[in-house]
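Each chain is listed here by its residues.
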Amino acid sequence: MATTIEDALLSRRSCRAFLPDPVPRTELERLLTLAARSASNSNSQPWHVHVLTGAAKHGLTTALLHAHDTAGRVPTREYDYQPSPDDWPEPFHSRRRRFGEGLYKETLGIAHDDSTGRLDHHRRNYGFFGAPVGIILTVSRRPLEGALIDAGLFLQALMLAARGAGLDTCAQASFIDFYPVLREKLPIPKDHLIVCGLALGYADDDHRLNQQRTPREPVGAFTTFYDGD
Ligand SMILES: Cc1cc2nc3c(=O)[nH]c(=O)nc-3n(C[C@H](O)[C@H](O)[C@H](O)COP(=O)(O)O)c2cc1C
């Protein structure tokens, strides 16, 4: 459990295997109250969260996996969070490739050309990696660009607040590939955009999926300091 902001920042990582232990509703409400302290454009608070547990979460997962395994994947996305690899310039392309190798090859032992193995892992997204709580985050489309920034702040705050309660999370854009299923199953108004999902629960620390640690660039690689004229 993180007791300082620094601990929360340093211990947050994408958790992809969870214990089945439930998270009490009062605790979820406390974490959402904290996340809602996030800054937003003129305090517009453009976010909405759909929190699924128990049979509701199971029903959504069943529908998503059915769409995944049949012809349910639509060619469009709610928005293009993950464009095709060719659309990423350097250095982002290489960083993404390194992340993929770390997850599939080093952590899971799945070869680059093993598309069945990769798909099997990808399917786990739609069960929220076994987390007892699945969250779908949406924001108002009007106006959208600023709202997406606000949604990111809310998401990060929720992930850090979770660490303060000994909980782990994984943000999941994979849900937007099946946005028609989400819109069929959840009462998401047309003027809201589905930003991403979030798995939340207690980490299964013994699971190999939770052994991966991602590196970061040093400050000098992404910062320009100005001092004087
Ligand atoms: C908005 C967003 C969407 C993401 N979508 C997914 C996803 O669909 N599936 C997944 O396994 N990880 C997903 N991730 C996790 C990233 O891969 C992860 O944050 C990144 O590799 C850095 O690793 P770390 O979170 O462990 O520090 C997402 C992260 C963000 C911020």
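These lines cover the structure that appears in this document, whether it is placed above or below. (Residues numbered from 1 in each chain as written. Predicted model: local features only at pLDDT ≥ 70, side-chain atom pairs only at ≥ 80, totals over all residues. Heavy atoms only, no water.)

A short note on the environment of Arg 208
Now for step 1: As for its placement among the helices and strands, Arg 208 is situated in the loop between strand E4 (192-201) and helix H8 (219-222).
Now for step 2: Taking the C-alpha atoms as reference points, Arg 208 and Glu 90, 118 residues apart in sequence, are found 30 Å from one another.
Now for step 3: Setting aside residues no more than four positions away along its own chain, Arg 208 makes contact with Thr 107 and Leu 108. (Helix = DSSP H or I, 4+ residues; strand = E, 2+ residues; numbered from the N terminus. Contact = heavy atoms within 4.5 Å.)

Here we look at the site of the ligand
Now for step 1: As a structural note, the neighbourhood of the ligand is formed by 15 residues, with Ser 14, Arg 16, Ala 173, Ser 174 and Arg 216 the closest of them.
Now for step 2: Contact distances for the ligand include 2.8 Å between a nitrogen atom and a backbone N or O atom of Ala 173.
Now for step 3: Measuring from an oxygen atom of the ligand, one finds a side-chain N or O atom of Ser 174 at 2.9 Å.
Now for step 4: Notes on the ligand: free accessible area 620 Å², of which the protein chains cover 78%.
Now for step 5: Of the residues forming the shell around the ligand, the biggest block, 3 residues, is contributed by strand E3 (residues 168-172).
Now for step 6: Of the residues belonging to the shell around the ligand, the class tally is 6 nonpolar, 5 polar and 4 charged. (Near = heavy atom within 4 Å. Polar contact = N/O pair within 3.5 Å; in protein donor to acceptor, adjacent residues only side chain to side chain. Areas by Shrake-Rupley, 256 points an atom, 1.4 Å probe, with all protein chains shown as cover. Nonpolar A, V, L, I, M, F, W, Y, C, P; charged D, E, K, R; others polar.)

Notes on the environment of Leu 160
Now for step 1: Residue position: Leu 160 is located in helix H6 (residues 144-164).
Now for step 2: Along the primary structure Leu 160 and Glu 6 are separated by 154 residues, whereas in three dimensions their C-alpha atoms are 9.8 Å apart.
Now for step 3: Among all residues touching Leu 160, those that are not within four sequence positions of it are Ala 8, Leu 9 and Arg 12.

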